[in-house]
Amino acid sequence: MKKISLLGATGSIGIQTVDILKNNPENFHLVAFSSGKNIEKTREIIQQLHPELVSVQEEKDARELSKEFPKIQFTYGTKGLVEVATHPDSTVLVNAVLGSVGLESTLAAIRMGKTIAIANKETLVTAGHLVMEEARKNNVQILPVDSEHSAIFQSMNGENPKRIERLILTASGGSFRDKTREQLKNVTVKDALNHPNWSMGAKITIDSATMMNKGLEVIEAHVLFNMPFEKIDVLLHKESIIHSLVEYHDTSVIAQLGTPDMRVPIQYALSYPDRLPLVGGTRLNLAQIGQLHFREVDFDRYRALKLAYDAGKAGGTLLTAMNAANEAAVALFLEEKITFLQIEEIIEQIMNNHSNILLPDLETILHVDSETRKTVAKLVK
Ligand SMILES: NC(=O)C1=CN([C@@H]2O[C@H](COP(=O)(O)OP(=O)(O)OC[C@H]3O[C@@H](n4cnc5c(N)ncnc54)[C@H](OP(=O)(O)O)[C@@H]3O)[C@@H](O)[C@H]2O)C=CC1
Ligand SMILES: CC(=O)[C@@H](O)[C@H](O)COP(=O)(O)O
Ligand SMILES: [Mn+2]
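Worth saying up front: this structure is predicted, and the values here are computed from it rather than measured.

A. Geometry of the sheet that holds strand β7 (residues 142-144). Spatial strand order, β4-β3-β2-β1-β5-β6-β7: 7 strands in an open sheet with parallel pairing. Of all strands in the sheet, those with a lone pairing partner are β4 (73-76) and β7, marking the two edges. Neighbour-to-neighbour, the strand axes of this sheet turn through a mean angle of 25°, independent of strand direction. Relative to β4, strand β3 (residues 53-56) is paired through 4 bridges, and the arrangement is parallel. The residue of β4 that forms the bridge with Leu 53 is Gln 73. In the packing of helix α6 (residues 121-137) onto the sheet, contacts are made with β5 (92-95), β6 (115-118) and β7, and the angle to β7 comes to roughly 140°.

Okay, here's the thing in structure tokens:
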């Protein structure tokens, strides 16, 4: 029986994780979870899985819930995320919270020796070197949940990492993959939220449309698999059936395939090194699909992807600034305060004006993160 702490239980990844836990009560037990502002969903999860500790975003919600559920302990805010992540009874942390707010709790859980199943890519982008260094020191495994990284992880199983020639991340191209840059000028939030293959949270769906999602994933792959950026490629593959590939030095290419269903990588990270049957999973029928398509990525069309490679190669606080600028700009786009193309313009402006600090400590990262968000807010006023 694995005992689980879950950050971001009310989100897209969180809800799918909860489903897996519900379907496998003999394998997993939810000890503690966090949510944000969705109190209805928080109640539902409490009633279904009876955790010991729950953290919400606002203090007032924690107070209200503790009246309703007197046997459960409630906490809130950033300290609440840390309390959930470090609950003494859990051995695994599933980090499915959105954004760099997940950083401190991840580091705290690693210091407690917990296995980390990580969907929260912003944490790995903003402070990958700190996370991996802490994991090494504490002999902790960081297991990928992101579909591409899970595919790479599965394609590396039993292989010697020194024999890898390159990692190939597949990209669907997002909601606007068939549009030119000219056509992107007038796209709406509603259009951008219409991902062709995946049903996900709003922020990552916009990231897919700008291709910043793939940029964050290139950096995530560099961090998780210790691979230089020159050996990480992106390949457009509109069907999202091949979830990513690893090419070896003997020219062999090993990939992981499947119908687009995030429950597969989530469950694999939870059951690793075993595999469990997926309740309600859809089997891949390649004969029915008939054809898969591949295309080289155009860095002029997908400027955000180029910016992410640039930040990745530079390293340091430029990564934090890029990530925070993206988080802030996407939030503004979702509030209809800026246009779609302004997202990458803002990121580029922040990156151009940033004085980079290499190998930053946690305090520096948190400072750059919050200052960048303030600068973006001022730029848009
Ligand atoms: N969705 C997907 O299929 C995939 C997602 N990922 C990554 O997983 C992470 C989560 O994505 P996704 O599930 O789509 O996101 P969602 O927006 O659907 O969910 C985010 C979760 O985080 C909570 N949350 C947001 N802000 C805060 C905050 N400030 N404090 C505490 N909790 C907060 C939300 O709470 P509430 O809703 O209650 O307010 C919710 O539980 C992201 O890093 C994303 O890139 C990676 C691969 C695929
Ligand atoms: C499901 C998942 O892992 C997402 O990150 C997905 O990859 C988004 O798809 P694209 O970024 O390829 O459009
Ligand atoms: Mn992904």
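Moving on from the coordinates now.
B. Expanded view of the site of ligand 2. By nearness alone, 16 residues border ligand 2, and Ser 147, Glu 148, Ser 172, Asn 213 and Glu 217 come closest of all. Asp 146 has a polar side-chain atom sitting 2.8 Å from an oxygen atom of ligand 2. The protein chains hide 98% of the 350 Å² of surface that ligand 2 would expose on its own. Elements supplying a minimum of two residues to the shell around ligand 2: α7 (147-155), α9 (202-210) and α10 (212-225). The leading source of residues in the shell around ligand 2 is α10, at 3 residues. Taken together, the residues of the shell around ligand 2 break down into 5 nonpolar, 6 polar and 5 charged.

C. Expanded view of the coordination of the manganese ion (ligand 3). Within the protein, the atoms that donate to the manganese ion (ligand 3) are Asp 146 (OD), Glu 148 (OE) and Glu 217 (OE), at distances of 2.0 to 2.1 Å. Positions of the donor residues of the manganese ion (ligand 3), expressed as sequence spacing, correspond to D-x1-E-x68-E. Placement of Asp 146 in the loop between β7 and α7 and of Glu 217 in helix α10 is noted, with a sequence separation of 71 residues between them. Taken as a pair, Asp 146 and Glu 217 share a single burial class, namely buried.

D. Molecular detail of the domain arrangement of the chain. Domain parsing of the chain yields domain 1 (2-140) and domain 2 (315-380). Computed from C-alpha atoms alone, the centre-to-centre distance between domain 1 and domain 2 is 26 Å. Facing 11 residues of domain 1, the contacting portion of domain 2 comprises 13 residues. Across the domain 1/domain 2 interface, buried area totals approximately 880 Å², and carbon plus sulfur atoms make up 62% of it.

E. Structural context of the UniProt feature "domain: 1-deoxy-D-xylulose 5-phosphate reductoisomerase C-terminal" (unreviewed entry) in the chain. The UniProt record marks residues 142-225 with the feature "domain: 1-deoxy-D-xylulose 5-phosphate reductoisomerase C-terminal" (unreviewed entry), using the residue numbering of this structure. The span residues 142-225 is 43% helical and 13% strand by assignment, and the distance between its end C-alpha atoms comes to 10 Å.

F. Quick peek at the pattern of salt bridges. The tally for this structure, following the rule as stated, stands at 25 salt bridges. With a shortest N-O distance of 2.7 Å, Glu 68 and Arg 43 are connected by a salt bridge. A residue pair is termed long-range when its members are at least 10 positions apart, and Glu 68 in helix α3 (residues 59-68) and Arg 43 in helix α2 (residues 39-49) qualify at 25 residues. Accessibility expressed as a relative area gives 39% for Glu 68, which makes it partly exposed. We classify Arg 43 as partly exposed; its relative accessible area is 22%. For Glu 83, the salt bridge identified is with Lys 79, shortest N-O distance 3.9 Å. Taken together, the residues Glu 83 and Lys 79, both in helix α4 (residues 77-85) and 4 residues apart, mark about one turn of the helix. On the accessibility criterion, Glu 83 (29% relative accessible area) is partly exposed. The exposure class assigned to Lys 79 is partly exposed, which follows from its relative accessible area of 44%. Connected through salt bridges with shared partners, the residues Lys 121, Asp 146, Glu 148, Lys 214 and Glu 217 form a single ionic network.

G. Structural view of the site of ligand 1. Near ligand 1 you find 23 residues, and of these Thr 10, Ser 12, Gly 36, Lys 37 and Glu 122 are the closest. One nitrogen or oxygen atom from the main chain of Gly 8 is found 3.3 Å from an oxygen atom belonging to ligand 1. A distance of 2.8 Å separates an oxygen atom of ligand 1 from a polar backbone atom of Lys 37. Protein contacts shield 85% of the accessible area of ligand 1, which totals 890 Å² for the unbound molecule. Mapped by element, the contributors of at least two residues to the shell around ligand 1 are α1 (12-23) and α6.

Thresholds, definitions, all that
- Residues numbered from 1 in each chain as written.
- Chains lettered and ligands numbered in written order.
- Predicted model: local features only at pLDDT ≥ 70, side-chain atom pairs only at ≥ 80, totals over all residues.
- Heavy atoms only, no water.
- Pairing = 2+ DSSP bridges.
- Helix = DSSP H or I, 4+ residues; strand = E, 2+ residues; numbered from the N terminus.
- Axes fitted to C-alpha atoms, helices over the stretch in contact; angles between N-to-C directions.
- Contact = heavy atoms within 4.5 Å.
- Near = heavy atom within 4 Å.
- Polar contact = N/O pair within 3.5 Å; in protein donor to acceptor, adjacent residues only side chain to side chain.
- Areas by Shrake-Rupley, 256 points an atom, 1.4 Å probe, with all protein chains shown as cover.
- Nonpolar A, V, L, I, M, F, W, Y, C, P; charged D, E, K, R; others polar.
- Donors = N, O, S within 2.8 Å, 3.2 Å for Na, K, Ca; no water.
- Buried < 20%, exposed > 50% of the residue type's maximum accessible area, 1.4 Å probe, protein only.
- Domains from an automatic or database assignment.
- Buried area = accessible area lost by both parts, 1.4 Å probe.
- UniProt positions renumbered as here; feature names shortened; annotations may be inferred.
- Salt bridge = Lys/Arg side-chain N within 4 Å of Asp/Glu carboxyl O.

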